[in-house]
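# A look at the structure
One letter stands for each residue in the lines below.
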Amino acid sequence: MSAEPKSALEALKTELLTAVGEATDLAALEEVRVSALGKKGRITGLMADMRSLSPEERKERGQSMNALKDEVGAALDARKADLHKAALAARLEAERIDVTLPVRPEREGRVHPITQTIDELTAIFADMGFSVAEGPDIEDDFHNFTALNFPPGHPARDMHDTFYLPDRPSDGSRMLLRTHTSPVQVRSLLADKAPIRVIIPGRTYRSDYDMTHTPMFHQVEGLVVDEKTSMANLRGCLIEFCRAFFDVDDLPLRFRPSFFPFTEPSAEVDIGCLRRGGELKIGNFGDWLEILGCGMVHPNVLENCGIDSTKYQGFAFGMGIERIAMLKYGIPDLRTFFEADLRWLKHYGFVPLDVPSLAQGLNR
Ligand code: DAH
């Protein structure tokens, strides 16, 4: 077959470009591409035919063929991009979501009681001027123990059933999973110095498992350091918190002497309750229930963080989040918090968007 004259190429170009322009969807466009540039396509065929031409003819012809191929290829690409855009727009239109529709009840998720409790206590402490600080779950010995005035070899370290990570080959030191949120006291003091007023909610870990212990649980730590901070401030702060959290205006608190290496003096705090049969009620009923540990920050801790303990004093407290959630919401078994049972979550969980705030009431 002889080479087609130029005008024939022009006609072919016009025909193909028209077909490209008229393709109304991606499938039709693909057909045009195959018919022009596919293995048996018309342009491909003409390219193959050039083998019979003389070298000079082939050169000239090759140039116009390449130009044709490029032009048709570019038109195909451009049309493809347009059709993609149109297909996406059509799909967005077809699958448009009416965000004003109410959530279907069977699809509605629930907020886990731990999250809810952290939101609630954050709202209460935020109202008292506390900000929220966080620290890493994997800690070193310095932050978890030494800086908190647990000397190496001190028996109080053994009370924590610590999970240690394997030795670090570089220096032989062992990292650990923090056994309490108190190491973040050290991190906050080192980073922000005094004055400071933070709460620190987060995960903590101890090697223990039964009705009242899980290897991972949550604590919230509080830390206030200033030039005039007293045990009376600590007492007032905790009374305020407990009454707001449990929504009992006359909830009594009892401070009992205790020991923590990082506070001096130290106390454990009980709240009033009533135990009758299997039932437990929070309020001014004469019985007592322990809920947290606290005390005045030990001067050694302040000095370990480069803070002048003759100028600054502070108070700190720490409590288990599951424990106060169980008490407030009547959840009997700690282990169920972490079993990821949807029926449990449906029962004890909270409706999303019902974010706790003091203004709207925590206990709706
Ligand atoms: N870190 C302690 C624990 O896990 C709780 C605690 C007690 C924290 C007294 C404090 C505190 O900040 O002052 O058992």
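Reference entry: report on the structure contained in this document. Quantities reported herein were computed from a predicted structural model and do not represent experimental measurements.

### Considerations on the sheet that holds strand E3 (residues 164-167)
Spatial strand order, E2-E4-E3: three strands in an open sheet with antiparallel pairing. Looking along the sheet, the strands with just one partner apiece sit at the ends: strand E2 (138-139) and E3. Judged from the two bridges that link them, E2 and strand E4 (residues 174-177) form a sheet pairing that is antiparallel. Bridged to Glu 139 within E4 is Leu 176.

### Observations regarding the nonpolar core
Counting residues in each nonpolar core, the largest one holds 45 residues, and the members touching the most others are Phe 241, Phe 246, Ile 271 and Phe 317. Those elements that provide at least two residues to this core are helix H5 (113-127), strand E6 (216-226), helix H8 (231-246), strand E8 (263-276), strand E10 (287-297), strand E11 (313-320), helix H10 (321-329) and helix H11 (342-348). It is H8 that provides the largest number of residues to this core, a total of eight residues. Each residue touching Phe 241, except ones within four places of it in the same chain, is listed here: Leu 121, Ile 124, Phe 125, Met 128, Met 319 and Ile 324. Ala 147, Ala 156, Leu 223 and Val 301 belong to the second largest nonpolar core, which has 24 residues in total.

### Overview of the site of the ligand
Neighbouring the ligand are 15 residues, the closest being His 180, Ser 182, Arg 206, Gln 219 and Glu 221. With respect to the ligand, the backbone of Ala 316 contributes an N or O atom lying 3.2 Å from an oxygen atom. For the ligand, whose accessible area on its own is 360 Å², the fraction buried by protein is 91%. Elements that contribute at least two residues to the shell around the ligand include exactly E6, E10 and E11. Across the shell around the ligand, the residue classes break down as five nonpolar, eight polar and two charged.

### A few points about helix H1 (residues 6-22)
Relative to the 24 Å expected for 17 residues at 1.5 Å per residue, H1 spans 24 Å between its end C-alpha atoms, a close match to the ideal helical length. Of all the positions in H1, only Leu 9, Leu 12, Lys 13, Leu 16 and Val 20 are classed as buried. Each buried residue of H1 lies within a common arc of 105° when the element is viewed along its axis, so the set occupies one face. In this structure, H1 carries Ser 7 and Glu 22 as exposed residues pointing more than 90 degrees from its buried face.

The rules behind these values
- Residues numbered from 1 in each chain as written.
- Predicted model: local features only at pLDDT ≥ 70, side-chain atom pairs only at ≥ 80, totals over all residues.
- Heavy atoms only, no water.
- Pairing = 2+ DSSP bridges.
- Helix = DSSP H or I, 4+ residues; strand = E, 2+ residues; numbered from the N terminus.
- Core = buried A, V, L, I, M, F, W, Y, C linked by side-chain atoms within 4.5 Å.
- Buried < 20%, exposed > 50% of the residue type's maximum accessible area, 1.4 Å probe, protein only.
- Contact = heavy atoms within 4.5 Å.
- Near = heavy atom within 4 Å.
- Polar contact = N/O pair within 3.5 Å; in protein donor to acceptor, adjacent residues only side chain to side chain.
- Areas by Shrake-Rupley, 256 points an atom, 1.4 Å probe, with all protein chains shown as cover.
- Nonpolar A, V, L, I, M, F, W, Y, C, P; charged D, E, K, R; others polar.
- Expected span 1.5 Å × (residues − 1).
- Arc of directions from axis to C-beta.

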